[in-house]
Structures are given as structure tokens and as C-alpha cells.
Amino acid sequence: MTLINYLTRIHFADGVLEEALHSEMEARNKKRPLIVAEAGHLSGSIAERFFSSFPIRSVAETYAAVPPQATEAAALEIAETYRSGDCDLLIAFGSNRAMDIAKVARVAIAHREPLVVLSNDEGGARRIGNDLPDLYSIPGILGFASAISDYTRVRLNEGRQVLISSPRLIPSVTICDPTLTLGASRAESAIAAAGILARGIDSYLSPAYNPPAEGLALDALTRVTDNLSSVMTGESLKARREMMAGGLNSSMSLQKGLCVVHAICNAVASVSPKPIDPSTLGGILIPQLVAFYGIHADARAEHLKRCLKIDPETDLAAGLTRITHGLPLPRNLAMLGVKREDLHVAAQLASLDRAIGNGPCGLSPAAIEEILTFAFEAGARSAETRTNHDNVA
């Protein structure tokens, strides 16, 4: 059994790429796909497998100018390429960046009005209709977060950043083939693991009531913890499979809603002078968030500690710090190039994000800035030094 029909059609199996892509296109009579992928994913042995999967007589267009963050300009450019090429399918291949911009492009193809009108700020979820073009997502090692999500951020031409979200944005088909992650570097694997940890933990701690999503979050954390060492030290296909399953489940757990770590990561990325990978950022921030939540998270900490194999006597935030510091990634915001003087602005931006309210306790702008200050400097606070009571909103 390779097909999972939960939220959308998900093919999951080793080596399933060729069969799944070919059969899905044949079944829906798709002949002119537009492939959205970063240039580095359009060559090499995996790319050869990908292109060989198309049905006979299909003609593919490609768009490789994928921006570090989805932009209105790029989305409109993709939409124009789609229309002028008489395309009938979007395929996002490889990275989260490719999938995010492909989602915005879907909206731009189906709706001629400005993207700002379709943002959450303008009630856009009600306006996004059923006439979006089909989108197939095929994630690589860094595509887990967006492979099955129903949202994306986009930077407008005016410079402002908005959220576009709708259940209709979930890709029509997702193809998860663990063999596509073989050969990934230690850094890429670490980034993927950090993203799963951040999404799974903050999703589980969200107060929203969604038992299936909570189960998916815990399962994701268990899978990544059990297989992290093997993924980082070798090419075990079993470990890669479990990591991809964890990535998929952590993404599906966000049916509880976007979480606090998403709001803060987005704000920091907005003020950063250079592009920052959101999963790397999430790995830095999640121990700080858990430390700040304090007693508001303690009732659920034991479940998390068991999944993460943290000793029962160890503070959850301290245990998380040890896990994330064991990854070959930057340990604080300063190492990512974030400037201390930008933390205040980032905190203000995060406080305006709707997702900031989806945590176990409220967060004031001052509280967010405190979290960012600790994340800028170094490791997480201990249970004795955290001060979450002082700045809860």
C-alpha cells in the first residue's frame, strides 16, 4: 500500500516517484506541466528520474528562478509562464522554497486581482475558489514543511509580507519517495531534523483541540529522535524513510493551526539582512520557547520527553538544547547574521501575527523580545531562571 488519502492524495514508498507521477498525470490527462524547482534540483541523477517519469507526449516547462522567500513578482512571473505555455499542471520539486512559491502562483493563476486582496488580512481565504490549477508536490530533504501544508507567506511588491491560507492550497497530490533524500548532506539532514522538532513540539503544545494532529506531532518527534543518529552518520534508507515520515507527520500536525514558532521565525526572517532557513531558525528558537512557556507546558512535558528520549529528571528546555546543539547548525541568532538592534522590531512584528496566540500562554511584545534576546546570545534558560510569568500577555 503506497497511497495515503489523508488531507490529500499522498504516495509514500521507496522508489515510488516514477510510478506515482506517471500514473497521476495519466489518470488526469495532464500533458503540459510547469515544473517549479531550484536550479540545482534540475540536474543530476534524481532529476533524470524525475523527468523520465512523465507520460509520453507530455511537454514540460520549467521555472528555476525560485526566490529565497515567496514573492508576488515571482508568482506573477510563474503565472504568466503557465498561461503562455498553455500548461495544465504545476509541479513543485525539491525544496520548501519551490513549494511555497508554487502555492502563491496557483492563486495568481486562478485570480487576477492583487494578491493582497487574497491574503488573510483581507479575508482572502473566503475568496480563494476551487478553480486553482492542480499542484503536485514532490519533496526532497528540505521540502517536508510545505509538502502538504495549506498556507504560505508572500512578500508583496510593495514590500509588506502577508499570509495566504486556505484548505484549497493543500497540494492536489504529494509524492514522498525516501530515495530522493539519499545523498543529502549532514547540514541538510540537520536542517530537516530541526524543522521537524520545532513544528512537532510547538504543534503539540498548542491549546487547539485536535487529537489526530497531536498524535501526528508526537509520532513525528519519535521518528526523528529514533533515527537522527543514523541519518547524520550514514545512508540508511530505513532511517531516511523514517525521517521523511516524521517530516510528513509534523506538517500534517499543523492542522491544529500555525503556531508560535512560525510567527516568531517569520518575523525574524523579515528583519534579517540575509535569507534565513526557517527550519534552522526554528531549531534555535524552540528550546527558548519551551523554557519561556514554563509551567504552561509542564503538564505536557512528560509526553514530549518520552518521545525525545530526554531523561525524566531533566528540564525539557535543557534537554532540547542538548539535542539541537548536537546538530551541525548555528546555535544562536547572532551566528545566523541577525542583528541585535533588529530584535525589537521582530518582536513587534511577531506580536501582530495571528499565530502568536496559538501557544500554551499569551506572549506580549516584551516577552517575545526576551525570548529573542536569549536566542540571540546562546543556550536555553534553566527552569530556575526562566521568567515567563512576568511578560505573559
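Residues numbered from 1 in each chain as written. Predicted model: local features only at pLDDT ≥ 70, side-chain atom pairs only at ≥ 80, totals over all residues. Heavy atoms only, no water.

**Q** Quick question: what am I supposed to make of the pairing of strand S2 (residues 8–12) here?
**A** Here is the key point about a regular strand: its side chains alternate between the two faces of the sheet. Counted residue by residue, S2 has four buried out of five residues, so it is predominantly covered. Of the pairings in the sheet, the one linking strand S1 (residues 3–6) to S2 comprises four bridges and is antiparallel in character. Bridge pairing in S2 links Leu 3 to His 11. Where S1 folds back onto S2 in an antiparallel hairpin, the turn is made up of one residue, including Leu 7, whose phi is positive at roughly 75°. As judged from the four bridges shared by S2 and strand S9 (residues 173–176), these two strands associate in the parallel manner. Bridge pairing links Phe 12 to Cys 176 in S9. (Buried < 20%, exposed > 50% of the residue type's maximum accessible area, 1.4 Å probe, protein only. Helix = DSSP H or I, 4+ residues; strand = E, 2+ residues; numbered from the N terminus. Pairing = 2+ DSSP bridges.)

**Q** When you look at the nonpolar core in this model, what are you seeing that I'm missing?
**A** A general tendency of soluble globular proteins is for nonpolar side chains to be buried together. Ile 264, Leu 333, Leu 363 and Leu 372 are the most contacted members of the largest nonpolar core, which totals 85 residues. Here this core gets 11 residues from one element, more than from any other, and that element is helix H5 (residues 186–205). Sequence-distant contacts of Leu 372, that is, excluding residues within four places in its chain, are made with Ile 264, Val 268, Leu 285, Leu 333, Leu 343, Ala 346 and Ala 347. Ranked by size, the runner-up nonpolar core spans 33 residues in total, among them Ala 92, Ala 98, Met 99 and Ala 105. (Core = buried A, V, L, I, M, F, W, Y, C linked by side-chain atoms within 4.5 Å. Contact = heavy atoms within 4.5 Å.)

**Q** What is the right way to read the environment of Gly 319 from this model?
**A** Examined against the element boundaries, Gly 319 turns out to sit in helix H11 (residues 316–325). Given a relative accessible area of 4%, Gly 319 falls into the buried group. Residue contacts for Gly 319: discarding those within four places in its chain leaves Ile 310 and Thr 314.

**Q** Is there a simple way to explain the sheet that holds strand S5 (residues 89–94) in this structure?
**A** Note on sheets: strands pair through backbone hydrogen bonds, and any given pair is parallel or antiparallel. On the basis of which strands lie adjacent, the open sheet formed by seven strands has the order S1-S2-S9-S6-S5-S3-S4 and mixed pairing. Since the sheet does not close on itself, it has two edges, and those belong to S1 and strand S4 (61–63), each with one partner. Pairwise comparison of adjacent strand axes, ignoring direction, gives a mean angle of 20° for this sheet. Here strand S6 (residues 135–139) runs beside S9; their pairing, made up of two bridges, is parallel. (Axes fitted to C-alpha atoms, helices over the stretch in contact; angles between N-to-C directions.)

**Q** Before we go on, may I ask you to explain the confidence of the model for the chain in this structure?
**A** Low-pLDDT portions of the prediction should not be read for the details of their coordinates. The predicted model of the chain averages 92 in pLDDT, with 96% of residues at 70 or higher. Across residues 382–391, where pLDDT falls below 50, the model places 23 contacts with residues more than four positions away in sequence or in other chains. (pLDDT = per-residue confidence, 0-100.)

**Q** Explanation requested: the state of the cysteines in the structure shown.
**A** Two cysteines form a disulfide when their sulfur atoms are joined by a covalent bond. Inspection of every chain in the model, using the stated rule, returns zero disulfides. Unpaired in this structure, Cys 307 has its nearest cysteine sulfur neighbour in Cys 259, at a distance of 16 Å. (Disulfide = S-S within 2.5 Å.)

**Q** Sorry, what's going on with unusual backbone geometry here?
**A** Generally, phi is negative for residues other than glycine and the peptide bonds are trans, each holding for most cases. Of note in this structure, Asn 29 is not a glycine but carries a positive phi near 55°. By secondary structure assignment, the location of Asn 29 is in the loop between helix H1 (17–27) and strand S3 (33–36). Accessibility expressed as a relative area gives 53% for Asn 29, which makes it exposed. Here Lys 309, not a glycine, exhibits a phi torsion of approximately 60°, which is positive. Topologically, Lys 309 is positioned in the loop between helix H10 (295–308) and H11.

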